[in-house]
Amino acid sequence: MKRLFSQTYGNILAHLLMWCLLAILLLLWQPLMWRIDIPVEFWYKQALLFMLLLSLFYTNSEVLVPRLLNQNRVSLFIIVNLLLALLVSFLIKQLEITLNLRQLMTDAFRAAREGGISKREEFVDYFSLLIAFIILGVSTITATIRSWQSNRRAREELEKQKLESELSFLKAQINPHFFFNTLNNIYALTQLDSEKAGAAIHRLSRMMRYVLYDTLQDKVTLSQEVAFLNDYVDLMKLRLTNKVELQIELDSPKSETTIAPMLFLPFVENAFKHGTSATDASKISIELKQINNEIHLSITNTLFADKKHSLEEGYGIGLINTRRRLDILYPGHYELIIDENAKEKTFSAYLKLVTI
C-alpha cells in the first residue's frame, strides 16, 4: 500500500511539473516578452486555452488512445482528434470575438509604438527567470525519472529472486513427495517378489539420477521427461493386480523442445494413487501427445467414493504445487481442466501446454 501511494504521488508530481512547463512555454513566455500592458481579457483567453488543452490531453490519453487507437480503430481516432482540435480553435476564436480581444491587443501594441515602452520596468528579467524555471523543471523531471527507473530495476530484481526461490521451494516439495510414495510401493513389493523388487530398485535409481541431477536445470528436454514417465509407469505396473486396466500412450517427441522438469509427474502419480483398488476393478488411461508447439496430456482414472481428488480441497500436494508452477512458469500459455464425474465414476485431468 505504501509503495502504491508513493507511485501515485510520483505520477501526480510528474504531471504537475509537465503542465507547469507547458503553461510557461505555450502560454506565458511570449506574452511576457512583449513588454506591453496586456489587457486582462488576454489572460482570460489564455486561462481558457490552458483548461481546454488540459482536457484535450487527458481525453486523448485516457479515452481515445485505449478505446480507439489501441483497438486498431486508427481512422476514427484521427478523425476525432481533428474534430477536437478544431473545436478548441473554434471556442478560442469565439471568446476573442466576444471579448473584442483583437482590438484591445491592437490598441496595446499601438500605445507601445507611439509612446515608447509603456510597460513599467520590473526588478527581474522575465526571460532569465523563465529559463531558470525551465532548467529546474527539466532537472527535477530527469532526476525523478532516473529514481523511478532505479527503483523499478530493484523491484524487478527482487521479484526475480522471489520467483526463483518459490520455484525451488515448489520443486523441493514435489521430489520428496514422489520418493515417499515410491519407496512405500517398493517396500510392499519386497514382501511379495524380491526379483521384481530388484528391478524396481534399478528403475528407481535411474529415476533418482534424473531427479537429483537433470532437474537441477530450469528446463529439460521433452524426451527426458517422457522417458522418466515411462520408468515411473513401469515401476507402478510391478505392484498392480490384474484388476487394473492400463491404457498408456506416451508418444516420443516429434520435435525436441524443453519444458520445466517433473511437470507431468503429479498428474500421473495422482492417477495411480487414487485410481486403483486392491479389490475393485479400475482403469487408468494416460495419453501424452505433441502437436507442433503444444503438448497435450490427458489422464482418466476410476473414481472411488472413499478417495478424494479435488485440488481445491487440498489433496495431493504434488498437484497443488504443479498448478502453482504452471501459473509462474507458463502464465497465459497453459490450460488445465480437472473434472470429477460422480455419475460415470471417473476422474480426469487435461493439460495443454504451449511451449515458449
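Residues numbered from 1 in each chain as written. Predicted model: local features only at pLDDT ≥ 70, side-chain atom pairs only at ≥ 80, totals over all residues. Heavy atoms only, no water.

## Section: the overall build of the chain
- Summing up its helical and strand segments, the chain has nine helices and seven strands in all.
- Buried residues in the chain amount to 32% of all 356 residues.
- Long-range pairs, those at least 24 residues apart, make up 72% of the contacts in the chain with a sequence separation of at least 6.
- Carbon and sulfur atoms make up 59% of the accessible area of the chain, which totals about 21,800 Å². (Helix = DSSP H or I, 4+ residues; strand = E, 2+ residues; numbered from the N terminus. Buried < 20%, exposed > 50% of the residue type's maximum accessible area, 1.4 Å probe, protein only. Contact = heavy atoms within 4.5 Å. Areas by Shrake-Rupley, 256 points an atom, 1.4 Å probe, with all protein chains shown as cover.)

## Structural notes on the packing of aromatic side chains
- Tallied over the entire structure, the rule returns two aromatic pairs.
- Each ring, one from tyrosine 232 and one from phenylalanine 272, has its centre 6.0 Å from the other, and the planes form 75°; the classification is edge-to-face. Separated by 40 residues along the polypeptide, tyrosine 232 in helix H7 (residues 222-237) and phenylalanine 272 in helix H8 (residues 265-274) bring together distant segments of the chain.
- A residue is classified by how much of its surface remains accessible, and tyrosine 232, at 2% relative accessible area, is buried.
- Taking the relative accessible area as the measure of exposure, phenylalanine 272 reaches 1% and is therefore buried. (Phe/Tyr/Trp six-rings, centres within 6.5 Å; stacked < 30°, edge-to-face > 60°.)

## Description of unusual backbone geometry
- Unusually for a residue other than glycine, methionine 262 sits at a positive phi of about 55°.
- With respect to the helices and strands, the residue methionine 262 is situated in the loop between strand E3 (258-259) and H8.
- With a phi angle near 55°, lysine 345 is a residue other than glycine that sits in the positive phi range.

## Description of the sheet that holds strand E2 (residues 244-250)
- Ordered by their spatial adjacency, five strands build an open sheet running E2-E4-E5-E7-E6, and the pairing between neighbours is mixed. Bordering the open sheet on either side are E2 and strand E6 (334-341), each of which pairs with just one other strand. Going across the sheet, the axis of each strand differs from the next one's by a mean of 5°, ignoring polarity.
- The sheet contact formed by E6 and strand E7 (residues 346-354) spans eight bridges and is antiparallel. For asparagine 341, the partnering residue across the bridge sits in E7 and is threonine 346.
- Sitting on the sheet, H8 touches E2, strand E4 (282-291), strand E5 (294-302), E6 and E7, and the angle it makes with E5 is about 10°. (Pairing = 2+ DSSP bridges. Axes fitted to C-alpha atoms, helices over the stretch in contact; angles between N-to-C directions.)

## Remarks on the packing of H7 against H8
- The contact between H7 and H8 brings their axes to 11 Å, and the two run at 10°. Viewed along their axes, H7 and H8 adopt a mutual orientation that is roughly parallel. Across the interface between the two elements, Phe228, Leu229, Tyr232, Val233 and Met236 from H7 touch Leu265, Val268, Glu269 and Phe272 from H8.
- A breakdown of the residues in the contact of H7 with H8 according to their chemical character gives eight nonpolar, no polar and one charged. (Parallel < 35°, antiparallel > 145°, perpendicular 65-115°, else oblique. Nonpolar A, V, L, I, M, F, W, Y, C, P; charged D, E, K, R; others polar.)

## Comments concerning the pattern of salt bridges
- Here the structure, examined in full by the defined rule, presents eight salt bridges.
- One salt bridge connects glutamate 96 with lysine 45, and the closest N-O pair in it is separated by 3.6 Å. Pair noted here: glutamate 96 is in helix H3 (residues 74-99) and lysine 45 is in helix H2 (residues 40-67), with a separation of 51 residues, a long-range link.
- Lysine 45 sits in the buried class, given a relative accessible area of 13%.
- A salt bridge links glutamate 96 to lysine 93; the shortest N-O distance between them is 4.0 Å. You can see glutamate 96 and its partner lysine 93 sitting in helix H3, three residues apart, about one turn around the helix.
- Under the relative-accessibility criterion, glutamate 96 is labelled partly exposed at 21%.
- Each of Arg203, Arg206, Asp231, Asp234 and Lys237 takes part in a single network of salt bridges with overlapping partners. (Salt bridge = Lys/Arg side-chain N within 4 Å of Asp/Glu carboxyl O.)

## With respect to the packing of H2 against H3
- For the pair H2 and H3, the least separation of the axes is 10 Å and the interaxial angle reads 165°. For the element pair H2 / H3, the angle class is roughly antiparallel. The two elements H2 and H3 meet at a crossing, and its hand is right-handed. Contacts between H2 and H3 involve Glu41, Tyr44, Lys45, Leu48, Leu49, Leu52, Leu56, Thr59, Asn60, Leu64 and Val65 from the first element and Phe77, Val80, Asn81, Leu84, Val88, Leu91, Ile92, Leu95, Glu96 and Leu99 from the second.
- Each residue belonging to the contact of H2 with H3 can be placed in one class, and the counts come to 15 nonpolar, three polar and three charged. (Left-handed = near helix turned anticlockwise from the far one by under 90°.)

## Thoughts on the environment of valine 233
- Relative to the assigned elements, valine 233 resides in helix H7.
- Residue valine 233 is classed as buried on the basis of its relative accessible area of 3%.
- Once the C-alpha coordinates of valine 233 and isoleucine 248 are considered, the two residues, 15 residues apart in sequence, prove to be 8.5 Å apart.
- Beyond its immediate chain neighbours, meaning those up to four positions away, valine 233 contacts Ile248, Val268 and Phe272.

## Some words on a nonpolar patch on the surface
- Taken together, Leu69, Val74, Ile78 and Leu82 make up a surface patch of nonpolar side chains, about 330 Å² in accessible area.
- Here leucine 82 shows up in helix H3. (Patch = residues over 30% accessible without salt bridge, like charges linked within 9 Å, V, L, I, M, F, W, Y side chains within 5 Å.)

## Side note on the nonpolar core
- Counting 44 residues, the largest nonpolar core has Phe264 and Phe272 as its most contacted members.
- With eight residues, H7 is the largest single contributor of residues to this core.
- Setting aside chain neighbours within four positions, we find phenylalanine 272 in contact with Tyr232, Val233, Met236, Arg239, Leu240, Leu246, Ile284 and Ile286. (Core = buried A, V, L, I, M, F, W, Y, C linked by side-chain atoms within 4.5 Å.)

## Some details on the confidence of the model for the chain
- Mean pLDDT over the chain stands at 76; residues scoring 70 or higher make up 70%.
- The weakest mean pLDDT in the chain belongs to helix H1 (residues 2-33) at 60; the strongest belongs to E5 at 95.
- For residues 1-5, every residue scores under 50 in pLDDT, and the model assigns this stretch one contact once sequence neighbours within four places are set aside.
- The low-confidence segment residues 118-129, where pLDDT is below 50, has 12 contacts with residues more than four positions distant or belonging to other chains. (pLDDT = per-residue confidence, 0-100.)

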